[in-house]
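Residue-level structural notes
For reference, the chains in residue letters:
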Amino acid sequence: MLSLPGFALVTGSGNGIGRVIARSFAKAGAAGVHVADISKEVAQDASEEITSVATNPKFKALASVVDVSKEEDVKEMIGLTKSRFGRLDYAVNNAGIAEPARLTADVPIEVYDKVIAVNQRGVHLCMQAQLRMMRAQNAVQLDGDRPSARGAIINMSSGLGLVALEEIMIPSYATSKHAVVGMTRMAAVGYAQHNIRVNAVCPGYTSTSMMANEGLGDVSSMISRVPQRRFILPEEIADVVLFLASESASAVTGVAWAVCGGRSAV
Ligand code: ADP
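Summarised in this report is the structure supplied together with it. (Residues numbered from 1 in each chain as written. Predicted model: local features only at pLDDT ≥ 70, side-chain atom pairs only at ≥ 80, totals over all residues. Heavy atoms only, no water.)

A few words now on the side chain of N155. Secondary-structure assignment places N155 in strand β5 (residues 152-156). We classify N155 as buried; its relative accessible area is 0%. At a separation of 3.1 Å, a polar atom in the side chain of N155 contacts the side chain of T184. Excluding anything up to four places from it in sequence, N155 contacts N93, V123, M127, V180, T184, V198, N199, A200 and V201. (Helix = DSSP H or I, 4+ residues; strand = E, 2+ residues; numbered from the N terminus. Buried < 20%, exposed > 50% of the residue type's maximum accessible area, 1.4 Å probe, protein only. Polar contact = N/O pair within 3.5 Å; in protein donor to acceptor, adjacent residues only side chain to side chain. Contact = heavy atoms within 4.5 Å.)

This is how it looks when you write it as structure tokens:
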């Protein structure tokens, strides 16, 4: 089992994939997990739940409310991480929203703006704040540090961040998730010499509430196009996220890793 002894921040971790990722960090020995979500209730609930499964005796859980599309909120979120944890080792930018299925010409501009604000601007703002904090940490060399151990960011993209899929027409979402891959690559290259690794994970059809959203379309037709013919479990996404955060991935930066049962290979 991987060991993740540092402090983690996971956005959108009150529900779904983010919550499972936060739980996995707690189980893997993290010193602390900051659960940040737009909903106070779910953030609180998730932080209590993950505390009950934490394996580090000194585990600290932190729950906070953030709208990742708002610069002030993001500043506050990172400020809390700093004041309560003192450092940030793993950041997972997972908060996101979907949209009803539609062709490009039919997307209302308000829907486009909202999806881009949360999924794209939100990751940009969070990553900026995290990179600043990690870069400042890394300016201080600690004895015995392996260079690669100095900070990992994982951005949640999507299979729709890599390709278009004809069974799921959500153009603003796909645009925002492609952008996440682009900003991941730019940051990976820009911060490699600061010993910060930046990677993206691209989930396929995952058995969570976002997929249960009725507006997305016919779920059985989606699954029939997946080579493995099944939903991905959120735990399977979390396993890849934790690997990318860990020392085992010390030379991995700038990748967009599909976790989709083979769908993006078709
Ligand atoms: P998935 O199925 O991909 O995990 P969910 O909808 O279950 O998606 O989870 C997305 C999480 O992101 C939810 O907990 C939701 O409250 C959170 N979220 C949505 N918008 C924002 C936002 N603007 N800022 C922070 N968190 C958000």
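Let us keep going from here.
So, about helix α1 (residues 16-27). For α1, spanning twelve residues, the distance from its first C-alpha to its last is 17 Å, which sits close to the expected 16 Å at 1.5 Å a residue. When you tally the buried positions in α1, you get nine out of twelve residues, the bulk of the element. Listing the buried residues of α1 in full gives I17, G18, R19, V20, I21, A22, S24, F25 and A26. Within two residues after α1, G29 carries a phi angle of roughly 90°, on the positive side. (Expected span 1.5 Å × (residues − 1).)

Right, let's talk about the packing of aromatic side chains for a bit. Applying the stated criterion to the full structure yields three aromatic pairs. Summarising the aromatic geometry, the rings of F7 and F85 are spaced 4.8 Å apart at their centres and angled 25° between planes, so their arrangement reads as stacked. With F7 in strand β1 (residues 7-11) and F85 in helix α3 (residues 71-85), this pair connects stretches of sequence that are 78 residues apart. Considered together, F7 and F85 belong to a single accessibility category, that of buried residues. Ring centres of F25 and Y90 lie 5.4 Å apart, and the angle between their planes is 15°; on these two criteria the pair is classed as stacked. On the criterion of sequence distance, the pair formed by F25 in helix α1 and Y90 in strand β4 (residues 90-93) is long-range, its members being 65 residues apart. Each member of the pair, F25 as well as Y90, is classed as buried. (Phe/Tyr/Trp six-rings, centres within 6.5 Å; stacked < 30°, edge-to-face > 60°.)

Strand order in the open sheet formed by seven strands is β3-β2-β1-β4-β5-β6-β7, with parallel pairing between adjacent strands. Every interior strand has two partners, whereas the edge strands, β3 (60-65) and β7 (256-259), have only one. The mean inter-strand angle of the sheet, taken between neighbouring strand axes irrespective of direction, is 15°. Pairing of strand β2 (residues 32-37) with β3, which is carried by six bridges, proceeds in the parallel orientation. Following the sheet pairing, V33 is matched in β3 by A61. Helix α5 (residues 171-191) contacts β5, β6 (197-203) and β7 of the sheet and is inclined by roughly 160° relative to β6. (Pairing = 2+ DSSP bridges. Axes fitted to C-alpha atoms, helices over the stretch in contact; angles between N-to-C directions.)

In this section: the pairing of β2. Taken across its six residues, β2 has six buried, putting it largely inside the fold. Side chains of β2 alternate between two faces, with G32, H34 and A36 and V33, V35 and D37 buried alike. Across five bridges, β1 lies against β2 in parallel orientation. Bridge pairing in β2 places V10 opposite V35. You can see the chain leave β1, run along α1 and come back into β2, and the turn it takes is right-handed. (Right-handed = clockwise from strand over helix to strand, strands pointing away.)

This brings us to the pattern of salt bridges. Overall, the coordinates contain ten salt bridges when judged by the stated rule. Between R263 and E167 there is a salt bridge, with the nearest N and O atoms lying 2.8 Å from each other. Residue R263 is located in the segment after β7, and its partner E167 is located in the loop between β5 and α5; the two are separated by 96 residues in the primary sequence. By relative accessible area, R263 is classed as buried at 11%. Across the pair R230 and E236 runs a salt bridge, and its minimum N-O distance is 2.9 Å. Judged by relative accessible area, R230 falls into the partly exposed class, the value being 30%. For E236, a relative accessible area of 27% corresponds to the partly exposed category. Within the structure, one salt-bridge network assembled from shared partners comprises R19, R23, D45 and E49. (Salt bridge = Lys/Arg side-chain N within 4 Å of Asp/Glu carboxyl O.)

Nothing here speaks to function; it is all geometry.
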